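Here's the letter readout for the chains.
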Amino acid sequence: MLLGLLVLVGSSVQRLAGMGFALVCGPALVLLLGPGDGVTLSNCAAGVISAIGLAGSWRQVRLARMLPLVAAAACTVPMGAWVADRVPSPALLIGIGLLVTAAALLVIRGIRASLLRGVRGALAAGAASGFMNSAAGVGGPAVSLYAVNTGWTAREFVPNAQLYGVVVNIFSIAAKGVPHLAAPAWSTTAAGIVLGAGVGQVLSDRVAERPARLVVLTLALAGGLVTLGKGLWEL
């Protein structure tokens, strides 16, 4: 029940904003399933919900602009998978908590930097995002910061973020494999994704971008801090 609710909420956010599944419910999935399966399930669910959104917006994707992001992410995903496989659970929880918290704060602040513009910015953002997505399931914030510094509007950002979400999560799953869940858990996850996609589509026409973004980042910040606290407790 809790797993389905978490996936539904995360899928709704992802469908509404183009990304955000792992930021909102990734920390909770890590606490519920453990760092390995929690992060990998975030990769699976985020990839699927991105594909659902992309099916209706693929004509708006800027392939040339996305190529450096995707190429850089492909290079760093294996490194993130290697770290996630070898770091002890408490340390991994601390790392995930720190990454989610820092990512949420950076996006809230809307950091502006020349490093995050142009092809150089795309390569830097893609490299950071690929590592973070594979290790902690939170690849979206780096891409979001790149979009802010490039001057993309929300209308431009969402379809490109969905394409990126499909590709980087396929890379991450290929590097780590799928989570070890029982059949009922997979059924619950699938139901949560489908319902969440519908809810997110309805909300996209009714919720203003700024309030929705604030709620997402507030939930992400809270989840990151809780995960960090659990990791410190288990040391």
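The shown structure was predicted, so the numbers you read here are calculated from the model rather than taken from an experiment. (Residues numbered from 1 in each chain as written. Predicted model: local features only at pLDDT ≥ 70, side-chain atom pairs only at ≥ 80, totals over all residues. Heavy atoms only, no water.)

Draft legend 1. The overall build of the protein, seen in detail. Along the protein, the regular secondary structure elements total 10 helices and zero strands. Each helix and strand of the protein, ordered N terminal to C terminal, gives the series α-α-α-α-α-α-α-α-α-α. In summary, the protein has a C-alpha radius of gyration of 16 Å against a globular reference of 18 Å for 235 residues, a match within 12%. With respect to the three principal axes, the spread of C-alpha positions in the protein is 40 × 35 × 30 Å. A burial count over the protein gives 49% of its 235 residues as buried. Expressed as a percentage of contacts within the protein between residues at least 6 apart in sequence, the contacts between residues at least 24 apart total 85%. Summed over its atoms, the accessible surface of the protein is roughly 10700 Å², and 71% of this surface lies on carbon and sulfur atoms. Taken together, the 15 basic and 6 acidic charged side chains of the protein have centroids lying 10 Å from each other. (Helix = DSSP H or I, 4+ residues; strand = E, 2+ residues; numbered from the N terminus. Rg over C-alpha atoms; globule rule 2.2 N^0.38 Å. Buried < 20%, exposed > 50% of the residue type's maximum accessible area, 1.4 Å probe, protein only. Contact = heavy atoms within 4.5 Å. Areas by Shrake-Rupley, 256 points an atom, 1.4 Å probe, with all protein chains shown as cover. Lys, Arg positive; Asp, Glu negative; His and termini not counted. Charge placed at Lys NZ, Arg CZ, Asp CG, Glu CD.)

Draft legend 2. Quick peek at the packing of helix α3 (residues 35-54) against helix α9 (residues 183-204). Here α3 crosses α9 at 35 degrees, and the two axes come no closer than 10 Å. For the element pair α3 and α9, the recorded crossing hand is right-handed. For the pair α3 and α9, the contacting residues are L41, C44, A45, V48, I49 and I52 in the first and W186, T189, I193 and A197 in the second. For the contact of α3 with α9, the per-class residue count stands at nine nonpolar, one polar and no charged. (Axes fitted to C-alpha atoms, helices over the stretch in contact; angles between N-to-C directions. Left-handed = near helix turned anticlockwise from the far one by under 90°. Nonpolar A, V, L, I, M, F, W, Y, C, P; charged D, E, K, R; others polar.)

Draft legend 3. Looking closely at the environment of L99. The topology assignment puts L99 in helix α5 (residues 89-109). What makes L99 partly exposed here is its relative accessible area of 26%. Taking C-alpha positions, L99 is 15 Å from A81, a pair spaced 18 residues apart along the chain.

Draft legend 4. Geometry of the nonpolar core. Formed by 20 residues in total, the largest nonpolar core has its most connected members in M66, L69, V143, Y146, W152, F157 and Y164. Put simply, the parts of the chain that give this core at least two residues each are α4 (63-86), α6 (118-136), α7 (140-150) and α8 (154-176). If you tally residues by element for this core, the top one is α8, at six residues. Discounting chain neighbours no more than four positions away, the residues touching M66 are W152, N160, L163 and Y164. Grouped together as the second largest cluster of nonpolar side chains are 14 residues, L3, A45, A46 and I193 included. (Core = buried A, V, L, I, M, F, W, Y, C linked by side-chain atoms within 4.5 Å.)

Draft legend 5. The arrangement of the UniProt feature "transmembrane region" (unreviewed entry) in the protein in detail. Taking the numbering used here, the UniProt-annotated feature "transmembrane region" (unreviewed entry) corresponds to residues 38-56, 63-84, 90-108 and 214-233. Secondary structure over residues 38-56 splits into 89% helix and 0% strand, and the C-alpha atoms at its two ends are 28 Å apart. Annotation note: span residues 90-108, helix share 100%, strand share 0%, distance between end C-alpha atoms 27 Å. (UniProt positions renumbered as here; feature names shortened; annotations may be inferred.)

Draft legend 6. How the structure looks around a nonpolar patch on the surface. Among the surface-exposed residues, L2, L5, V9 and L32 lie close enough to one another that they form a single nonpolar patch of about 330 Å² accessible area. The greatest single-element share of the nonpolar patch, amounting to three residues, is contributed by helix α1 (residues 2-17). In this fold, V9 is placed in helix α1. (Patch = residues over 30% accessible without salt bridge, like charges linked within 9 Å, V, L, I, M, F, W, Y side chains within 5 Å. Salt bridge = Lys/Arg side-chain N within 4 Å of Asp/Glu carboxyl O.)

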